[in-house]
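Breakdown of the fold
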Amino acid sequence: MRIGQGLDVHPFSDDTSRPLLLGGVAIPGGPGLEGHSDADVVLHALVDALAGAAGLGDIGTLFGAEDPVHVGAASSVFLDGVLGQVAARGWAVANVDCTIVAERPRIGPHREAIAASVARLLDVPADRVNVKATTTDGLGFTGRGQGIACLAVALLLPASAA
Ligand code: MG
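Attention in this report is confined to the structure presented alongside it. Remember, predicted model here, so these are calculated numbers, not experimental data.

1. Observations regarding the overall build of the protein chain
Along its length, the protein chain carries five helices and six strands. For the protein chain, the N- to C-terminal ordering of α and β elements is β-β-β-α-α-α-β-α-β-α-β. Relative to the compact-globule value of 15 Å for 162 residues, the protein chain shows a C-alpha radius of gyration of 15 Å, a close match. For the protein chain, the C-alpha atoms occupy an extent of roughly 45 × 35 × 25 Å along the three principal directions. A burial count over the protein chain gives 46% of its 162 residues as buried. In the form shown here, the protein chain has an accessible surface area of approximately 7600 Å², with 55% of it arising from carbon and sulfur atoms.

2. Description of the pairing of strand 4 (residues 91-101)
Along strand 4, eight of the 11 residues are buried, which leaves the element largely enclosed by surrounding structure. Note that strand 4 and strand 6 (residues 147-158) share 10 bridges and pair antiparallel. Looking across to strand 6, one finds that Cys98 is bridged to Ala152. By the bridge criterion, six bridges tie strand 4 to strand 5 (residues 129-134) in an arrangement that is parallel. The residue of strand 5 that forms the bridge with Ile100 is Ala133. For the crossover from strand 4 across helix 4 (residues 111-122) to strand 5, the handedness is right-handed.

3. A look at the pattern of salt bridges
Summed over all chains, the structure comprises one salt bridge. For the salt bridge of Lys132 with Asp97, the shortest nitrogen-to-oxygen distance reads 2.7 Å. Highlighted residues: Lys132 in strand 5 and Asp97 in strand 4, separated in sequence by 35 residues.

4. A look at the packing of helix 1 (residues 41-54) against helix 3 (residues 76-88)
Here helix 1 crosses helix 3 at 15°, and the two axes come no closer than 9 Å. The angle between helix 1 and helix 3 falls in the class roughly parallel. Viewed along their axes, helix 1 and helix 3 form a crossing whose handedness is left-handed. Mapping the contact onto sequence places Leu43, His44, Leu46, Val47, Leu50, Ala51 and Ala54 in helix 1 and Ser76, Phe78, Leu79, Val82, Leu83 and Val86 in helix 3. Within the contact of helix 1 with helix 3, the residues separate by chemical class into 11 nonpolar, two polar and no charged.

5. Considering the packing of helix 1 against helix 4
Their axes nearest at 12 Å, the elements helix 1 and helix 4 cross at an angle of 45°. Our classification of the angle between helix 1 and helix 4 gives oblique. Seen along the crossing, helix 1 lies across helix 4 with a hand that is right-handed. Residue-level contacts link Val42, Leu43, Leu46 and Leu50 of helix 1 to Val118, Leu121 and Leu122 of helix 4. Grouping the constituent residues of the contact of helix 1 with helix 4 by class yields seven nonpolar, no polar and no charged.

6. Points about a nonpolar patch on the surface
Where nonpolar side chains cluster on the molecular surface, the patch consists of Leu7, Val9, Phe141 and Leu151 and spans about 340 Å² of accessible area. In this structure, Val9 sits in strand 1 (residues 2-11). Val9 gets classed as partly exposed once you look at its relative accessible area, which sits at 38%.

Cut-off values and rules
- Residues numbered from 1 in each chain as written.
- Predicted model: local features only at pLDDT ≥ 70, side-chain atom pairs only at ≥ 80, totals over all residues.
- Heavy atoms only, no water.
- Helix = DSSP H or I, 4+ residues; strand = E, 2+ residues; numbered from the N terminus.
- Rg over C-alpha atoms; globule rule 2.2 N^0.38 Å.
- Buried < 20%, exposed > 50% of the residue type's maximum accessible area, 1.4 Å probe, protein only.
- Areas by Shrake-Rupley, 256 points an atom, 1.4 Å probe, with all protein chains shown as cover.
- Pairing = 2+ DSSP bridges.
- Right-handed = clockwise from strand over helix to strand, strands pointing away.
- Salt bridge = Lys/Arg side-chain N within 4 Å of Asp/Glu carboxyl O.
- Axes fitted to C-alpha atoms, helices over the stretch in contact; angles between N-to-C directions.
- Parallel < 35°, antiparallel > 145°, perpendicular 65-115°, else oblique.
- Left-handed = near helix turned anticlockwise from the far one by under 90°.
- Contact = heavy atoms within 4.5 Å.
- Nonpolar A, V, L, I, M, F, W, Y, C, P; charged D, E, K, R; others polar.
- Patch = residues over 30% accessible without salt bridge, like charges linked within 9 Å, V, L, I, M, F, W, Y side chains within 5 Å.

In short, the description is geometric, and any link to function would need to be established separately.
This is the structure in structure tokens:
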């Protein structure tokens, strides 16, 4: 088996038209996150966890984070891309676990929807995905409400065993 971790951070955007996307779910009320792509901090952390587990580098080396082709890109494109490479190397997702660090908005009411969306995007049963949320009790950039961080781990098994 193989394990990988991922971490991503995005600041909140001043552009009120940007949606807040977490794990592919549009969270009503936002505020949206700033970023080159759609700034889905959950999917970016997951891509890095999967890339790490499979020894594929990171989201930047795989997809060229600053590549103009990715302006406004749906982060599910990055996830599909890394999943394809994971599968090509004979691995399948055993489980993933994500921790969203945010003082605002409240993630709890959306936690299950985010987990279901991630399971759908990974094409795995719902019980292979866990999503947690925490604040930092007012400390640091997340505590000051300046942005959102997400940590993720992914475990891979040989496709024949998963
Ligand atoms: Mg990112």
